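Given next are the chains, with one letter for each unit.
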Amino acid sequence: MTDQTAANQGHDQRQVRVEKLHALERMGINPYPAHYKPDSLAAGLQEKYKDLPSESLTGDTVTVAGRIRALRNSGMFIDLHDETGKIQVYSHGDHGLEDDSAKLLEYVDIGDIIGVRGTVRRTKRGELTVDSKQITMLCKSLLPLPEKHHGLTDVEKRYRQRYLDLIVNEQSKAVLLKRTRMVAKIRRFMEDRGFVEFETPILHTVVGGATAKPFFTHHNALGMDMSLRIATELHLKRLVVGGFPRVYEMGRIFRNEGVSIKHNPEFTSIEFYQAYADYEDMMKLCEDLMEAVAIELNGTTKVTYGGKSIDFKGPFKRAKMTDLVKQATGVDFMTLDLDGAKAAVKKLGIAMTGKENWGQLIALVFDEKCEHKLVQPTHVTHYPTDISPLAKKCPEEPRLTQRFEIFANGWEIGNAFSELTNPLDQRERFEEQVRMKAAGDEEANDMDEDFLTALEYGMPPTGGMGIGIERLAMLMTDSASIRDILPFPTMRKE
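Description of the structure in this document.

Rules behind the numbers
- Residues numbered from 1 in each chain as written.
- Predicted model: local features only at pLDDT ≥ 70, side-chain atom pairs only at ≥ 80, totals over all residues.
- Heavy atoms only, no water.
- Helix = DSSP H or I, 4+ residues; strand = E, 2+ residues; numbered from the N terminus.
- Buried < 20%, exposed > 50% of the residue type's maximum accessible area, 1.4 Å probe, protein only.
- Contact = heavy atoms within 4.5 Å.
- Areas by Shrake-Rupley, 256 points an atom, 1.4 Å probe, with all protein chains shown as cover.
- Lys, Arg positive; Asp, Glu negative; His and termini not counted.
- Charge placed at Lys NZ, Arg CZ, Asp CG, Glu CD.
- Core = buried A, V, L, I, M, F, W, Y, C linked by side-chain atoms within 4.5 Å.
- Polar contact = N/O pair within 3.5 Å; in protein donor to acceptor, adjacent residues only side chain to side chain.
- Expected span 1.5 Å × (residues − 1).
- Arc of directions from axis to C-beta.
- Phe/Tyr/Trp six-rings, centres within 6.5 Å; stacked < 30°, edge-to-face > 60°.
- Lys NZ or Arg CZ within 6 Å of the ring centre and 35° of its normal.

### Side note on the overall build of the chain
The number of helices and strands found in the chain is 14 helices and 20 strands. Judged by the C-alpha coordinates and their principal axes, the chain covers about 90 × 50 × 50 Å. Relative to its full complement of 494 residues, the chain shows a buried share of 47%. A sequence separation of at least 24 residues applies to 66% of the contacts in the chain between residues at least 6 apart. For the chain, the accessible area works out to roughly 24,100 Å², and carbon and sulfur atoms hold 51% of it. The distance from the centre of the 66 positive side-chain charges to the centre of the 74 negative ones in the chain is 4 Å.

So this is what it looks like as structure tokens:
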């Protein structure tokens, strides 16, 4: 069937349904009433009557509501779906239907939302059924649902018309519900450990807190350009300065980057900060959190992703970034200066712009040669200072920082460090970021004078971490694309 043929058929079916709607109105039936009060859900009825034998009547009257997903025997049998599952409805004009219910059956279509009052029984075939006494039209559907046996096979349409995907695809609904459960579990986890959630600004006047390209907008009344936040870090750390020792925020982040199976321009992250802690404390907290989420969603610390088993039972493996690069390439960047590092990267055949600093060169090699190998959860530690403008330097090696990223399935899903609390060191790092931005680096940070002022009032030793909610949810639900676990992913215009 061509797209045009399908469109024509859809138009014809819509016209038939519109005519049915007008017929209902002429009968004095409102196709879109304001309220209805069901007293039972499909799953609750299935559980309550699970021991009811076949060919048994109960005499119990219930009221249910949902969307019609199937009609059989000219509407005599209806599969009614609510948010918990399916219940069969038996409807027949000669079976004691009240009021206008018998006439209404002639105008019912798959996709309509109806209410049913009737008695519960189990059929000869063992199907739990509501024998309808009264049927109420709650919403006349004007567009036909995809065919039951073919489903919604157009992937683009699934994401563009998510509401339609959720109607016909139980798996899509289950994945989104799991994501919601995961978010709720993380919040309980943080609150149980004394963390307080705050809401920080989405509109920023200074770009900072991450290495990313922002979206910009303009505030008319104030007459100034602003950016959508690329991280919540700098405001949460201001709260630590202000006397809140354990803070977190779970919220939307906006980065003007490409779209891929792992990237969406807007996504959700959690960032948390703990006073009198360091990056090793964050490793333990990260392990405990991910272990708790895996058990909550799957009943075990082991999850299966794309056929691979990934175990979130802590402690996770730990390895220095430079050691992983050396194992993969034989190159020890710790023995090289900038020129030597450039020569090594060129010899490895990895593309460069020529403007990279020493730390960026190491990151290029790591991304190409190491990242994809980290299937089991791994803390990659001691990132170069050049690419870690907010992390404390390692006392024994100032070119490296007390920073780690957590990887699983070859993806980075979290970033953490011992927070830089020295305001003079932080100013130098910001100045370097400003130089990088002036040289054309669109992901470099701005100079945040107010944050520096906050640091000059004093921030206690602090560990901080950010985790990408979507990537963690992908792993926990075996979802191939970030668009599967976003209710409404960003899409190109049709």
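### A word on the nonpolar core
Formed by 45 residues in total, the largest nonpolar core has its most connected members in Phe272, Met290 and Phe312. Looking at this core element by element, the count peaks at 11 residues for helix H8 (residues 279-298). Leave out the neighbours within four places in its chain, and Met290 touches Phe312, Phe316, Ile406, Ile413, Ile467, Leu472 and Met476.

### Observations regarding the environment of Lys213
Within the secondary structure layout, Lys213 lies in the loop between strand E7 (203-204) and strand E8 (216-219). Linking Lys213 and Asn256, residues 43 residues apart in sequence, is a C-alpha distance of 5.3 Å. In this structure Lys213 touches Ile230, Arg255, Asn256, Glu442 and Glu443, once residues within four positions along its chain are discounted. A distance of 3.4 Å separates the side chain of Lys213 from the side chain of Glu442, its partner in a polar contact.

### Looking at helix H12 (residues 423-438)
Over its 16 residues, H12 runs 22 Å from end to end, which matches the ideal 22 Å to within 8%, given 1.5 Å per residue. Listed as buried for H12 are Pro423, Asp425, Gln426, Arg429, Phe430, Gln433 and Met436. Considered in projection along H12, the buried side chains sweep an arc of 155° and stay on one side of the axis. Summarising the geometry of H12, the exposed residues directed more than 90 degrees from the buried face are Leu424, Glu428 and Ala438. The inward-facing, buried residues of H12 abut helix H11 (358-369), strand E16 (393-394) and helix H13 (449-457).

### A few points about the packing of aromatic side chains
Within a pair of aromatic rings, the relevant descriptors are the distance that separates the centres and the angle that separates the planes. Under the counting rule described, the total for this entry stands at 7 aromatic pairs. A centroid spacing of 6.4 Å and a plane angle of 70° characterise the contact between Phe312 and Phe316, whose relative ring orientation is edge-to-face. Look at Phe312 and you get buried, because its relative accessible area is 0%. For Phe316, a relative accessible area of 6% corresponds to the buried category. It is Arg193 that lies over the ring of Phe189; its NZ or CZ is 3.6 Å from the centre. In this arrangement the basic side chain of Arg399 is found over the ring face of Trp358, its NZ or CZ atom lying 4.3 Å from the centre.

That's the geometry; what it means functionally is another story.
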